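Chains, contacts and geometry: an overview
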Protein chains: 2
Amino acid sequence: MQNAAQITTTHCEHKLRDADATKLKLVNAALLAFSTRGYDASSTRSIETEAGVKRGLINYHYGSKEALWKAAADHLMSMTERDLGTALETVKQMDEDARLYFFVRAYVAFCAKHPELNRLMIQEGMAHDWRLAWLLERSVRPWYEQVCRIFNQAAELGVAPKMDDHHFYYALTGAATLIFSNAAEARALSGKNPLDPDAVEAHANAVADLFTSIRNPI
Amino acid sequence: MQNAAQITTTHCEHKLRDADATKLKLVNAALLAFSTRGYDASSTRSIETEAGVKRGLINYHYGSKEALWKAAADHLMSMTERDLGTALETVKQMDEDARLYFFVRAYVAFCAKHPELNRLMIQEGMAHDWRLAWLLERSVRPWYEQVCRIFNQAAELGVAPKMDDHHFYYALTGAATLIFSNAAEARALSGKNPLDPDAVEAHANAVADLFTSIRNPI
DNA sequence: GTCTATAATTAGATAGAC
DNA sequence: GTCTATCTAATTATAGAC
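Residues numbered from 1 in each chain as written. Chains lettered and ligands numbered in written order. Predicted model: local features only at pLDDT ≥ 70, side-chain atom pairs only at ≥ 80, totals over all residues. Heavy atoms only, no water.

**Some remarks on the overall build of chain A**
For chain A, the helix and strand inventory stands at 11 helices and zero strands. Principal axes of the C-alpha set define a box for chain A whose edges measure 60 × 45 × 35 Å. With 218 residues in all, chain A has 49% of them scored as buried. Taking the intrachain contacts of chain A between residues at least 6 apart in sequence as the baseline, contacts between residues at least 24 apart amount to 68%. (Helix = DSSP H or I, 4+ residues; strand = E, 2+ residues; numbered from the N terminus. Buried < 20%, exposed > 50% of the residue type's maximum accessible area, 1.4 Å probe, protein only. Contact = heavy atoms within 4.5 Å.)

Given below as structure tokens:
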């Protein structure tokens, strides 16, 4: 394998690009399927079809459906950590009193941009199996601790609602995300797409006001 | 069929009781399966096994998997309407200022008692198919309008948070329910069962405080 | 990297015996 | 009301030709 990389020809480069393109298409299709339909209800055949690749390529590139799920989940979590990590850095530059408020706004914006994240967490958070264990270990637990830390800092400053951090975490997560993860239902009820920028902005304002005691920071 | 009912013997009565018992076991097992695993991932075979009835009885009693889903969803929605309907009646006897607060508490208590409801809504709210259409028509739309009414009455009295009723509905629903619908995840994170009475009480207090402007009514 | 064939399993639904 | 046999279709996975 190392030798193959050294004697790279244009032919090999082309093949490598094709392989990476195929894998990317599969991971994206898998993410959509696993997060909206669930793991067991998503067949590898349907994922291949939706990805626009030939049948059998999931087993060729990933070896199994389970490995494809892990690759898709890892892809999603890496992107989430990157985006929310930079948001956290930005928030830490701010005045202490305003951190929770802008953290909540950034979190709502991210959830609207990537509803797959919360859909996947909802799908896998109901039953205790290998996928939930994987997600907890890989990302949920570190994220949970970071959110609790921001909340507890705000609580000491008196700008957070009065409650236990665990209840804060689930109240905030649910309030911030349900309208996006259940976008089909929300759209049917209101006639408006909750993922439209105006609706996202309105929801971010509503949730940030709700979960912080200061109404108009700055 | 009408004649058969008229010439009821003890033998027939016994058979009818067996049929009703079988159907009840099937509906309960179906509710658990459809709400936690999703419709497509729940096989009729597994539901029959979990219900402890013989194979083939789903098709015998209901004719199809689709009809079983509708029977299970109707069972759940009837119970929900009954329980939350009486809670609404109780709340309407109260002082106007306190209605929203105690409505939220009653809603949280119900969601903890029947996490299947929100699990089913989450499963079916992501994609727009015949099951979401059925749920919207059957119960979600009337419930949505009742919640908005209570919220708007509280808003006129100045005891509701400042936001659009549609965003209130989804923020409240998400905040109230996620900790129960994702109980497996919440338990793994905190080490405590969120469905325990103490945890339910704490969450009800937290959410009711959050979504009403008056802190200690009465 | 692509395509085909096929194995082994499981799905929902139907018909008929008891 | 219960049970069994069976049908058709779809599933994951493997091996091998190109």
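**Points about the protein's contact with DNA strand D**
In the neighbourhood of DNA strand D, 17 residues make up the surrounding shell, with A:Ser43, A:Thr44, A:Arg45, B:Ala19 and B:Lys54 lying closest. In the model, a phosphate oxygen of DNA strand D is placed 2.8 Å from a nitrogen or oxygen of the A:Thr44 side chain. Between DNA strand D and A:Arg55 there is a distance of 3.1 Å, counted from a base nitrogen to a side-chain nitrogen or oxygen. For the surface near DNA strand D, the secondary-structure elements that each account for two or more residues are α3 (44-51) of chain A together with α2 (10-37) and α4 (57-62) of chain B. Looking at side-chain class alone, the surface near DNA strand D contains three nonpolar, eight polar and six charged residues. (Near = heavy atom within 4 Å. Polar contact = N/O pair within 3.5 Å; in protein donor to acceptor, adjacent residues only side chain to side chain. Nonpolar A, V, L, I, M, F, W, Y, C, P; charged D, E, K, R; others polar.)

**Here's the deal with the protein's contact with DNA strand C**
Around DNA strand C lies a shell of 16 residues, among which A:Ala19, A:Lys54, B:Thr44, B:Arg45 and B:Arg55 are the nearest. Within 4 Å of the protein, the contacting atoms of DNA strand C are drawn from sugar and phosphate to the extent of 61%. Contact distances for DNA strand C include 2.7 Å between a base nitrogen and a side-chain N or O atom of B:Arg45. Taken together, the elements giving at least two residues each to the surface near DNA strand C come down to α2 (10-37) and α4 (57-62) of chain A together with α3 (44-51) of chain B.

**Description of the pattern of salt bridges**
For the structure shown, the criterion picks out 16 salt bridges over all chains. We note a salt bridge from A:Arg131 to A:Glu124, for which the minimum N-O separation is 2.9 Å. Note on A:Glu124: relative accessible area 2%, which makes it buried. Between B:Glu81 and B:Arg138 there is a salt bridge; the shortest N-O distance is 2.6 Å. Placement of B:Glu81 in helix α5 (residues 65-92) and of B:Arg138 in helix α8 (residues 130-157) is noted, with a sequence separation of 57 residues between them. With relative accessibility at 41%, the residue B:Glu81 sits in the partly exposed group. By sharing partners, the salt bridges in this structure join A:Asp74, A:Glu81 and A:Arg138 into a single network. (Salt bridge = Lys/Arg side-chain N within 4 Å of Asp/Glu carboxyl O.)

**Focus: the nonpolar core**
Counting residues in hydrophobic clusters, the biggest one holds 143 residues, and the most contacted among them are A:Ile47, A:Phe103, A:Phe211, B:Ile47, B:Phe103, B:Leu135 and B:Phe211. Broken down by element, this core gets its largest block of residues, 12 residues, from α8(B). (Core = buried A, V, L, I, M, F, W, Y, C linked by side-chain atoms within 4.5 Å.)

**A word on the interface of chain B and chain A**
Each partner contributes residues to the interface: chain B has 44 residues there, and chain A has 44 residues. Carbon and sulfur atoms make up 71% of the area that chain B and chain A hide from each other, which totals about 4000 Å². Of all residues in chain B, B:Met126, B:Tyr170 and B:Leu189 bury the most surface against chain A, accounting for 20% of the area lost on that side. Seen at the junction of chain B and chain A, the total is zero salt bridges. Counting every contact that joins chain B to chain A gives 12 residue pairs in polar contact (both at pLDDT 80 or more). Broken down by secondary-structure element, the contributors of at least two residues to the side of chain B that touches chain A are α2, α7 (115-125), α8, α9 (165-181), α10 (183-190) and α11 (197-211) of chain B. Examining the composition of the side of chain B that touches chain A, we find that 11 residues originate from one element, α9(B), more than from any other. (Buried area = accessible area lost by both parts, 1.4 Å probe.)

**Quick word on the confidence of the model for chain A**
The predicted model of chain A averages 92 in pLDDT, with 90% of residues at 70 or higher. Low pLDDT (under 50) marks residues 1-11 of chain A, which in the prediction has one contact with non-local residues, meaning those over four places away or in another chain. (pLDDT = per-residue confidence, 0-100.)

**Side note on helix α8 (residues 130-157) of chain A**
All names here are of chain A. The terminal C-alpha atoms of α8 lie 39 Å apart, and with 28 residues this matches the ideal 40 Å at 1.5 Å per residue to within 8%. Where α8 bends most, at Leu136, the angle is about 55°. Phi turns positive, to about 80°, at Gly158, one or two residues after α8. (Expected span 1.5 Å × (residues − 1). Bend = angle between axes of the 7 residues up to and from the residue.)

**Observations regarding the packing of aromatic side chains**
All told, the structure shown has 24 aromatic pairs over all chains when counted by the stated rule. Members of the aromatic cluster, connected to one another through ring pairs, are A:Phe34, A:Tyr39, A:Trp69, A:Trp130 and A:Trp134. One cation-aromatic arrangement involves B:Lys23 over B:Tyr62; the distance from NZ or CZ to the ring centre is 5.5 Å. The ring of B:Trp130 is capped by B:Arg131, whose NZ or CZ atom sits 5.3 Å from the centre of that ring. (Phe/Tyr/Trp six-rings, centres within 6.5 Å; stacked < 30°, edge-to-face > 60°. Lys NZ or Arg CZ within 6 Å of the ring centre and 35° of its normal.)

**Details of helix α10 (residues 183-190) of chain A**
Turning to α10(A), its buried residues number three or more, namely A:Ala183, A:Ala184, A:Glu185, A:Ala186 and A:Leu189. For α10(A), the elements touching its buried residues are α7 (115-125) and α9 (165-181) of chain A together with α7, α8 and α9 of chain B. Of the residues flanking the end of α10(A), it is A:Gly191, one or two places downstream, whose phi is positive at about 85°.

**Describing the relation of the copies chain B and chain A**
Placing chain B over chain A gives an RMSD of 0.0 Å and needs a rotation angle of 180°, together with 0.0 Å of translation along the axis. Within this description, the copies of the chain are treated as partners about a two-fold rotation axis. For chain B, the minimum C-alpha distance to the rotation axis belongs to B:Gly174 and amounts to 1.9 Å. (Least-squares fit on C-alpha atoms with pLDDT ≥ 70 in both.)

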